[in-house]
Amino acid sequence: MRAIEITEPGGPRVLEWHEVPEPRVEPGDVLIDVAASAVNRADVLQRQGFYDPPPGTSPYPGLEVSGVVAEVGADVEQFKAGDRVCALLGGGGYAERVAVPWQQVMPVPDGLTLPEAAGLPEAACTVWSNVFMVGRLRRGETLLVHGGASGIGTFAVQLAKALGSYVIATVGSEAKAQRVRELGADEVVNYREEDFADKVKADVILDIMGAKYLAGNVRALRTGGRLVIIGLQGGRKAEIDLGAMLAKRVTVHATTLRSRPVDEKGVIVRSVVDNVWPLVGAGAVRPVVYAEVPMSEAAEAHRMLDSGEHVGKILLVR
Ligand SMILES: NC(=O)c1ccc[n+]([C@@H]2O[C@H](COP(=O)([O-])OP(=O)(O)OC[C@H]3O[C@@H](n4cnc5c(N)ncnc54)[C@H](OP(=O)(O)O)[C@@H]3O)[C@@H](O)[C@H]2O)c1
């Protein structure tokens, strides 16, 4: 088969479409004939040499795919050849075929094309597990989403809105503010012009900036608030005023999905299928697709992501 190989750490040009060995189908695995994958910020870090795939996962980039089941390994009863599926991966999505534990495989939500479904697993599992399972966002509470125009952010805004929350998002331009309002955000803060911590209060914050926003996030939390950090785009080391935290009884969580064991991913995936897929099927949450790029030209898709002009997901289609 062919896959995108990272020939050396570096810029987008190090991504090359090569002939590579077929994946091995172990017991418990599902082999997927890939229709599409999608680009995530983590793929850029992997390309640059800062984020190795977890041990035992494919060396090729790609945290999510959609496609058709080609074959199932021993002991798999949940899926069969011919099923239309999408999957959360530890890696290996930028390829013609990928083998993945059945626990990480999901049916394609009703009404979606295969390419549309490729950009959902990573955002849906990240947002559902962090905002709802860890952050316990409830109907009527306020969610602050940093990077509301990102692949993760566009999903978080829609899902929290569909489940009855007041949603605030930060973005870096007026054009993106407009798009995020169209997706349902009640308030948008342009982080280049204003300090969100001076303007808003939230019960749950989904943060991708880490150190740079830690103090502001604690300031913006209401009493009993929950901060969930999933990205470190603004650095990893910061001081925190514990006094401000204990007075408001706030909690700070920091999590990553990719390195979780298969069984934990399976719990999240099943919960997403039960709680999120019906909302996607009903049209309350839609995939936000910025561009479709041929998979063999993944370098071009990475240039697009690096430019930061996208809103939502960049898909890699076969
Ligand atoms: N922990 C996990 O399990 C997990 C899983 C998936 C993703 N993530 C993280 O989630 C983040 C988003 O991922 P993605 O793939 O959706 O990336 P993406 O589409 O490339 O989005 C990056 C976002 O960062 C925003 N941003 C940059 N500087 C900002 C600032 N100072 N304040 C607020 N927002 C700022 C950008 O906003 P503008 O474009 O508006 O400037 C953009 O929307 C990444 O940090 C990624 O590593 C974590």
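Residues numbered from 1 in each chain as written. Predicted model: local features only at pLDDT ≥ 70, side-chain atom pairs only at ≥ 80, totals over all residues. Heavy atoms only, no water.

The protein chain has the name NAD(P)H-quinone oxidoreductase in an unreviewed UniProt entry, where Nonomuraea marmarensis is given as its organism.

Help me understand the nonpolar core, please; the structure alone is not making it clear to me.
For soluble globular proteins, nonpolar side chains are generally found buried alongside one another. In terms of nonpolar packing, the biggest core is built from 47 residues, with Met106, Phe155, Leu159, Val272 and Trp277 touching the most fellow members. Of the residues forming this core, the biggest block, seven residues, is contributed by helix H3 (residues 121-134). Counting contributing residues per domain, this core is built from domain 1 (2-120 + 258-317) and domain 2 (126-254), each supplying no fewer than three. The contacts of Val272, once residues within four sequence positions are left out, are Met106, Ala124, Cys125, Trp128 and Trp277. If you look at the next biggest cluster of nonpolar residues, it comprises 26 residues, including Val30, Val85, Val98 and Val100. (Core = buried A, V, L, I, M, F, W, Y, C linked by side-chain atoms within 4.5 Å. Buried < 20%, exposed > 50% of the residue type's maximum accessible area, 1.4 Å probe, protein only. Helix = DSSP H or I, 4+ residues; strand = E, 2+ residues; numbered from the N terminus. Domains from an automatic or database assignment. Contact = heavy atoms within 4.5 Å.)

So what exactly am I meant to see when it comes to the pattern of salt bridges here?
Counted by the stated rule, this structure contains 20 salt bridges. Between Arg226 and Glu141 there is a salt bridge, with its nearest N and O atoms 2.8 Å apart. With a gap of 85 residues between them, Arg226 in strand E12 (residues 221-229) and Glu141 in the loop between H3 and strand E8 (142-145) connect regions that are remote in the sequence. We note that Arg226, like Glu141, is buried. Residue Asp195 is joined to Arg219 by a salt bridge in which the shortest nitrogen-to-oxygen separation is 3.5 Å. With a gap of 24 residues between them, Asp195 in the loop between strand E10 (187-190) and helix H6 (196-199) and Arg219 in helix H7 (residues 214-220) connect regions that are remote in the sequence. (Salt bridge = Lys/Arg side-chain N within 4 Å of Asp/Glu carboxyl O.)

Please explain helix H9 (residues 262-275) as it appears in this structure.
Structural remark: α-helix, 3.6 residues per turn; residues separated by three or four positions point the same way. For H9, which comprises 14 residues, the first-to-last C-alpha distance of 20 Å matches the rise-based estimate of 20 Å (1.5 Å per residue) to within 8%. Taken residue by residue, H9 has Lys265, Gly266, Ile268, Val269, Ser271, Val272 and Val273 as its buried positions. For H9, the elements touching its buried residues are strand E5 (84-88), strand E7 (105-107), H3 and helix H10 (277-281). (Expected span 1.5 Å × (residues − 1).)

Looking at this structure, how should I read the domain arrangement of the protein chain?
Domain boundaries assigned for the protein chain yield domain 1 (2-120 + 258-317) and domain 2 (126-254). Every contact between the two is made by 19 residues of domain 1 and, on the other side, 16 residues of domain 2. Where domain 1 abuts domain 2, roughly 1,500 Å² becomes buried across the two surfaces, and 71% of that area is made up of carbon and sulfur atoms. When the buried area of domain 1 at its contact with domain 2 is split by residue, Val285, Val288 and Val311 rank highest and sum to 30% of it. Linking domain 1 with domain 2 are zero salt bridges, by the criterion used here. At the boundary of domain 1 and domain 2, one finds five residue pairs in polar contact (both at pLDDT 80 or more). Element by element, the count of residues in the side of domain 1 that touches domain 2 is highest for H9, at five residues. (Buried area = accessible area lost by both parts, 1.4 Å probe. Polar contact = N/O pair within 3.5 Å; in protein donor to acceptor, adjacent residues only side chain to side chain.)

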